[in-house]
Amino acid sequence: MYSLLRSILFQLDAERSHHLSLNSLNLANKLKLSGLLAKPMVSDPAEVMGIKFPNRVGLAAGLDKNGEYVDALGSLGFGFVEVGTVTPRPQPGNPKPRLFRIKEAEAIVNRMGFNNDGVEQLLENVNQAAYNGVLGINIGKNFDTPVEKAVDDYLIGMEKIYAKADYMVVNISSPNTPGLRDLQFGETLKALLGSLKEKQVQLSQEYGVYKPLAIKIAPDLSSDNIQELAETFTQFELDGVIATNTTFDRSQVEGMQNADEQGGLSGKPLTTQSTKVIKSLVEAMNHKIPVIGVGGIHNAETAVEKIEAGASLVQVYSGFIYEGPKLIHDAALGIKKSAS
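Notes on the structure follow. (Residues numbered from 1 in each chain as written. Predicted model: local features only at pLDDT ≥ 70, side-chain atom pairs only at ≥ 80, totals over all residues. Heavy atoms only, no water.)

Side note on the overall build of the protein
Quick reminder of the rule: Helix numbering and strand numbering both begin at the N terminus, where a helix is a DSSP run of H or I of at least 4 residues and a strand a DSSP run of E of at least 2. Between the two quantities, the radius of gyration covers C-alpha atoms and the globule rule is 2.2 Å times the number of residues to the power 0.38. Each residue's exposure class comes from its accessible area (1.4 Å probe, protein chains only) as a fraction of the maximum for that residue type: buried when under 20%, exposed when over 50%, partly exposed otherwise. Whether two residues are in contact is decided by their heavy atoms: any pair within 4.5 Å suffices. For accessible areas, the Shrake-Rupley method is used with a probe of radius 1.4 Å. Any residue's cover is judged against the shown protein chains and nothing else.
When its secondary structure is counted, the protein shows 11 helices and 13 strands. A compact globule built from 340 residues would reach a C-alpha radius of gyration of about 20 Å, and the protein, at 18 Å, matches this within 12%. Counting only C-alpha atoms and orienting by the principal axes, one finds that the protein spans roughly 50 × 45 × 45 Å. Expressed as a percentage of the 340 residues in the protein, the buried residues total 57%. Sequence separation of 24 or more characterises 73% of the internal contacts of the protein that already satisfy a separation of 6 or more. Of the roughly 14,600 Å² of accessible surface on the protein, a fraction of 50% belongs to carbon and sulfur atoms.

Quick word on the packing of aromatic side chains
Quick reminder of the rule: Pairing of aromatic side chains here covers Phe, Tyr and the six-membered ring of Trp, requires ring centres within 6.5 Å, and sorts the geometry by plane angle: under 30 degrees stacked, over 60 edge-to-face, intermediate tilted. Think of it as a cone above the ring: NZ of Lys or CZ of Arg counts as a charge over the ring if it is within 6 Å of the ring centre and within 35 degrees of the ring normal.
The final tally for this structure, using the stated rule, is five aromatic pairs. Relative to Phe80, the ring of Phe53 lies with its centre 5.0 Å away and its plane at 75 degrees, an arrangement referred to as edge-to-face. Residue Phe53 is found in strand β2 (residues 51-53), and its partner Phe80 is found in strand β4 (residues 80-86); the two are separated by 27 residues along the sequence. For Phe80, a relative accessible area of 0% translates into the label buried. Consider the rings of Phe78 and Phe320, whose centres lie 5.6 Å apart with planes at 70 degrees: the pair is edge-to-face. Here Phe320 lies in helix α10 (residues 318-323) and Phe78 lies in the loop between α3 (70-74) and β4, a separation of 242 residues in the sequence. The exposure class assigned to Phe320 is buried, which follows from its relative accessible area of 7%. Each residue in the set Phe53, Phe80 and Tyr167 is aromatic and connected to the rest through ring pairs, giving one cluster. Here the basic side chain of Lys211 rests over the ring of Tyr162, its NZ or CZ set 5.2 Å away from the ring centre.

As for a nonpolar patch on the surface
Condition: A patch consists of residues whose relative accessible area exceeds 30% and which take part in no salt bridge; residues with like charges are grouped when within 9 Å of each other, and nonpolar side chains (Val, Leu, Ile, Met, Phe, Trp, Tyr) when within 5 Å. We define a salt bridge as a side-chain nitrogen of Lys or Arg found within 4 Å of a carboxyl oxygen belonging to Asp or Glu.
Among the surface-exposed residues, Leu27, Leu31, Leu33 and Leu36 lie close enough to one another that they form a single nonpolar patch of about 400 Å² accessible area. Relative to the helices and strands, Leu36 resides in the loop between α2 (14-30) and β1 (46-48).

Some thoughts on the packing of helix α7 (residues 223-235) against helix α8 (residues 271-284)
Let me state the cut-off plainly: The axes are straight lines fitted to the C-alpha atoms, using for helices just the contacting stretch, and the angles between their N-to-C directions are given from 0 to 180°. Small angles under 35 degrees read as roughly parallel and large ones over 145 as roughly antiparallel, with 65 to 115 read as roughly perpendicular and the rest as oblique. Each helix crossing is assigned a hand: it is left-handed if the near helix lies turned anticlockwise from the far helix by less than a right angle, otherwise right-handed if that turn is clockwise. Only Asp, Glu, Lys and Arg are considered charged in this grouping, and only Ala, Val, Leu, Ile, Met, Phe, Trp, Tyr, Cys and Pro are considered nonpolar; every other residue, Gly among them, is considered polar.
In the contact formed by α7 and α8, the axes pass within 9 Å of each other and the chain directions differ by 45 degrees. Classified by the angle between their axes, α7 and α8 sit oblique to one another. Considering the relative orientation of α7 and α8, their crossing is right-handed. Taking contact as the criterion, the partners of Ile226, Gln227 and Ala230 in α7 are, on α8, Val277, Ser280, Leu281 and Ala284. Residues that form the contact of α7 with α8 fall into these classes: five nonpolar, two polar and no charged.

Details of the nonpolar core
For the record, the criterion: Working definition of a nonpolar core: buried Ala, Val, Leu, Ile, Met, Phe, Trp, Tyr and Cys residues. They are joined through side-chain atoms within 4.5 Å.
By size, the foremost hydrophobic cluster in this structure holds 74 residues, and its most contacted members are Tyr154, Ile217 and Phe233. Residues in contact with Ile217, not counting those within four places in the same chain, are Ser173, Gln184, Leu229, Phe233, Val241, Ile242, Ala243, Thr244, Asn245, Val277 and Leu281.

Observations concerning the sheet that holds strand β8 (residues 167-171)
Cut-off, in case you're wondering: DSSP-based pairing: two strands are paired if at least 2 bridges between them are found.
Judged by pairing direction, the barrel is parallel, and its eight strands sit side by side in the order β3-β4-β7-β8-β9-β10-β12-β13 before closing back on the first. Across the sheet, the mean angle separating the axes of adjacent strands is 25 degrees when strand polarity is ignored. The pairing of strand β12 (residues 291-294) with strand β13 (residues 313-316) spans three bridges and is classified as parallel. What sits directly across from Val294, in β13, is Gln315. With respect to the sheet, helix α6 (residues 186-207) is in contact with β8 and β9 (213-217), its orientation differing from that of β9 by roughly 150 degrees. Its contacts with the sheet put helix α9 (residues 300-308) on β12 and β13, and the angle it makes with β13 is roughly 140 degrees.

Concerning the environment of Val57
Within the element layout of this structure, Val57 appears in strand β3 (residues 57-59). You can call Val57 buried: its relative accessible area is 0%. The sequence separation of Val57 and Thr246 amounts to 189 residues, and the corresponding C-alpha distance is 18 Å.

Some remarks on the sheet that holds strand β6 (residues 107-110)
The sheet built from three strands is open, its strands ordered β5-β6-β11 with antiparallel pairing. Because the sheet does not close on itself, it has two edges, and the strands there are β5 (99-102) and β11 (264-267). Across the sheet, the axes of successive neighbouring strands diverge by a mean angle of 25 degrees, strand direction being ignored. Where β5 meets β6, four bridges bridge the pair, whose relative direction is antiparallel. Paired with Leu99 across the strands is Asn110, a residue of β6.

Comments concerning the side chain of Arg98
In plain terms, the rule: By the criterion applied in these results, polar contacts are pairs of N or O atoms within 3.5 Å in which, for protein atoms, one can donate a hydrogen and the other can accept it, and in which residues neighboring in sequence qualify only through two side-chain atoms.
Mapped onto the elements, Arg98 comes out in the loop between β4 and β5. Within the structure, Arg98 has its side chain in polar contact with the backbone oxygen of Pro92 (distance 2.8 Å). From its side chain, Arg98 meets the backbone oxygen of Asn94 in a polar contact 2.7 Å long. Filtering out sequence-adjacent residues up to four positions away, Arg98 remains in contact with Glu15, Pro92, Gly93, Val109, Asn110, Arg111, Met112 and Asn115.

Put into C-alpha cells, the structure is as follows:
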C-alpha cells in the first residue's frame, strides 16, 4: 500500500509532498486508521540515558519540526519520537526549493535552514498531543544569532523545553546554518558544554527531575576530530550522542539528478560513513556514553549494523520516507532478533 502512495507523492515537489504526507497521517490517526499503514509496535524494552524505551527504533528530528504530528507519528510503532530542530524565535528558513530527492540512490538533499514556528508554538502543539511515549526535543540557534552567542539560544531552548522533553538534543551539526558546525571543536565546544551542563543541573534542581542531554554531531569528521570529541564528551559527562547528521560528501551520488544541490545529504549513501563514525566514537569513549545511531538505515540489516557498531538506539528519517512505516517494524524486529 505504501509503495502506491509513495509513487503518487513522489510526483509532487518534495516539500509539498512532505506536508501532504504528514497531514494525511494526522487524518488517518484521527480516524483511527493508522493500523492500515503500520504493524503493531515491536516490544523490545531498553533502558538508555536512564529512560525506558519500548523498542530501540526512533524517529529522527527534522520530519516534525514543530511537534504538529506527534500523535500520528507515535502511532506507527516508533519506540521514541524526536521533534525539532526548534529555535527560540520563529524563522522561515532558506528560500524554496530547499528539499530534493535523489531517487536512484534513495537519498535526500535538504537545505531547510531550521525553518520552524519557534519554541513556544512547538510547546503548545506538544501540550495538545495525547502521545505518552518517549519524546525528544531537538534545539538549535536562530540564523541571525551570531555563532559566538549561540549558547544563549541553546540555554533559552533548554529552559523552555525542559518540562516537556524526556531528553534534550543540542544540534551543532546542521550544514545549513552558517558557522554552526564550528561549535563542534576545541575550546568553543568545551565552553558550550560547560554552560549547557550547568543549566541542566540548575533545571534538574528546579524541576526535581534530571533530563538527559545529548549532542548531535556531523558525519564529516576525521579520526582526530572523533578522538577529540570523545575526550570532551567524556570530560563533561554528556548523557548521549546522536551520530550522525547529514553529510556534505557527494562521492556516492556523483552525476545523479539533484546531487549537486547545496545542503546536507541523507539516506542510503550515508550508511557506511555514519556507521564508521559510530564505531569509532563508541570505542574512543570506551562505551561510557550511549550513542543513538542515525544515517542511511533503510532495512533491518542496516539498523542491526548500527547496533553492532555500538549504538544503543537508532533513528530513521530518509529511509522512512522511501520505505514507509514497514521500516519501523522491520528494524525494531531485526534488532530484537539480533540480541536473542
